[in-house]
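# Chains, contacts and geometry: an overview
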Amino acid sequence: MQPVSTPTHANAPDDGRKRNRRAWLTTVTNLGAKVITVLTSFATIPLTLHHLGSERFGLWMTISSFTALLAFADLGLGNGVLNVIAQASGRSDQAAIRRAIASAAVMLSTVSLVLALLLGPLVMLIDWSRAFDLRDPRSQAEVVPALLTFGTCLLLNIVVALSGRIQMALQQGFFTGLINAAGAIAGLIGVLAAIHAEAGLPWLILALVGAPLLTNVVGAIVFFRRGHADLIPTRADIQPQVMSQLARVGALFFVLQLASAFAYSSDNTIAAHYLGADSVGTYAIVSKLFGAIGIVTGMLLQPLWPAYGEALARGDHTWVKTTLRRSMMISTGFAAAASLVLFFGFDLITSLWLHTQVQAPATLLLGFCAWAITDALGNSFAMYLNGAHVVRFQVVVALLNAAVSFGVKVWSVQGGHLNYLPWVTTGSYIVCALIPYLVFVPRHLQRQP
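Everything numeric in this text was worked out from a predicted model, so none of it was measured.

## Section: the packing of helix α14 (residues 304-314) against helix α15 (residues 317-344)
Look at α14 against α15: their axes get within 8 Å of each other, and the N-to-C directions meet at 155°. Considered as vectors, α14 and α15 are oriented roughly antiparallel to each other. For the crossing formed where α14 meets α15, the hand is left-handed. Between α14 and α15, the residues in contact are Leu-304, Ala-307, Tyr-308, Ala-311 and Leu-312 and His-317, Trp-319, Val-320, Thr-323, Leu-324 and Ser-327, respectively. Taken together, the residues of the contact of α14 with α15 break down into eight nonpolar, three polar and no charged.

Listed below in structure tokens is the structure:
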């Protein structure tokens, strides 16, 4: 993607080509890492099922599912530091980058320590055998050590993950993708070694979560020592004003994440509460399948977030406008094409995947098609707004969308209209978020010098 008009500064064409190259490289490596992660995850399931038995395997899967908490564990600080560093990179302000890194490291370490002090005693006090209805003596003996092992790795990762956010902010997310792929492979090797040694559940948890953590540590050392030694901060780089800035931006991103989760991840819970858990099966399968489209479009678009921030800081607004238009066309075009494939190939895909027939009404499938396309378009705007530091507006929009979407979904499910939930998600998002974006973003672009 190259600018189509006169650049705003002398090196704009070269800068634009570099941004495009880094964005595509990041997308490709992250997609590859995601594929490797999924494949290694699938590979561990039959291995651990045979090794652990049904009850301990269920405990293993339950604890492993807690990795979703990583999205919220840093309280939005990871996204905050991404924004700050991307803008500082656009100004070529190495000192500001070091201050952001040092201040974020202190804040994330504090968050990790506070969570450890809160959750550690909680894990020890709760009767997990009763909470998980464990009957196997081995499960009862291993549940607390397994939870403590997982929690320790999770809390350490809050700090270690900062390296990945820095790499993304500097438009070098491809390095993060390589490290994530290596971590997934290391985790699989660790699980195989633990099974070969006939180790218990805590050791399997350590292999699954600890090996990627160790890989990330090694990757961070290589990243800073080999190519970015000038960004290694000192104690003098810890600045209270920078910490205050990161806290404000991080809090906004944290609220934005919560509102998004409330709006888009509550369908199964609502359906199970009002219609019973047995009503969720087909809906959850369709949601999981179409959710892959959102994962891919997210990987396509996320590298543009720091690129927008850097470009705006340099005043390269031509590249920003051109890239935004093209990202909208590419992401929505991909989402539309993928949706058509899943709609017409749903029966074949699910039969190959699940080895059984899944009866999903066309209303439900078309609803998820509509949402996949709408979500891709909205994410294109969101990446620009993130890069432009327009977060408060997104929070207001997200809170409004979450309230409307959740309320209408409850009303719809109570009326027995489960298959209309993706249409509710789409309609609410269009009215509460997409239309405001369509009005706000062009005006914001016009105000750029």
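## Re helix α9 (residues 173-196)
When the terminal C-alpha atoms of α9 are compared, their 35 Å separation across 24 residues agrees well with the 34 Å that a helix rising 1.5 Å per residue should span. Two residues or fewer after α9 comes Glu-198, characterised by a positive phi angle close to 55°.

## Here's the deal with empty space enclosed by the protein
Considering all chains together, one arrives at two cavities of 30 Å³ or more under this definition. Put simply, the parts of the chain that give the lining of the second largest cavity at least two residues each are α1 (12-52) and α14. Considering each element in turn, the lining of the second largest cavity owes the most residues, four residues, to α1. Each residue belonging to the lining of the second largest cavity can be placed in one class, and the counts come to five nonpolar, three polar and two charged.

## Some remarks on the packing of helix α2 (residues 54-64) against helix α7 (residues 137-160)
How two helices sit against one another is set out by the angle between their axes and by the gap between those axes. In the contact formed by α2 and α7, the axes pass within 11 Å of each other and the chain directions differ by 20°. The angle between the axes of α2 and α7 places the two elements in the roughly parallel class. Along this stretch, α2 crosses α7, giving a crossing that reads as right-handed. Between α2 and α7, the contacting residues are Glu-55, Arg-56, Leu-59 and Ile-63 on the first element and Arg-138, Ser-139, Glu-142, Val-143, Ala-146, Leu-147 and Phe-150 on the second. In terms of residue class, the contact of α2 with α7 is built from six nonpolar, one polar and four charged.

## Side note on unusual backbone geometry
We note that Glu-198 has phi near 55°; this positive angle belongs to a residue other than glycine. Topologically, Glu-198 is positioned in the loop between α9 and α10 (201-227). You will see that His-389, though not glycine, has its phi angle at about 65°, which is positive. The partly exposed category is assigned to His-389, whose relative accessible area is 26%.

Criteria and cut-off values
Residues numbered from 1 in each chain as written. Predicted model: local features only at pLDDT ≥ 70, side-chain atom pairs only at ≥ 80, totals over all residues. Heavy atoms only, no water. Axes fitted to C-alpha atoms, helices over the stretch in contact; angles between N-to-C directions. Helix = DSSP H or I, 4+ residues; strand = E, 2+ residues; numbered from the N terminus. Parallel < 35°, antiparallel > 145°, perpendicular 65-115°, else oblique. Left-handed = near helix turned anticlockwise from the far one by under 90°. Contact = heavy atoms within 4.5 Å. Nonpolar A, V, L, I, M, F, W, Y, C, P; charged D, E, K, R; others polar. Expected span 1.5 Å × (residues − 1). 1 Å grid on protein atoms, 1.4 Å probe; cavity = no way out; pocket = protein on both sides within 12 Å on 5 of 7 lines; lining within 4 Å. Points joined across faces, edges and corners; volume = space filled by probe spheres on them. Buried < 20%, exposed > 50% of the residue type's maximum accessible area, 1.4 Å probe, protein only.

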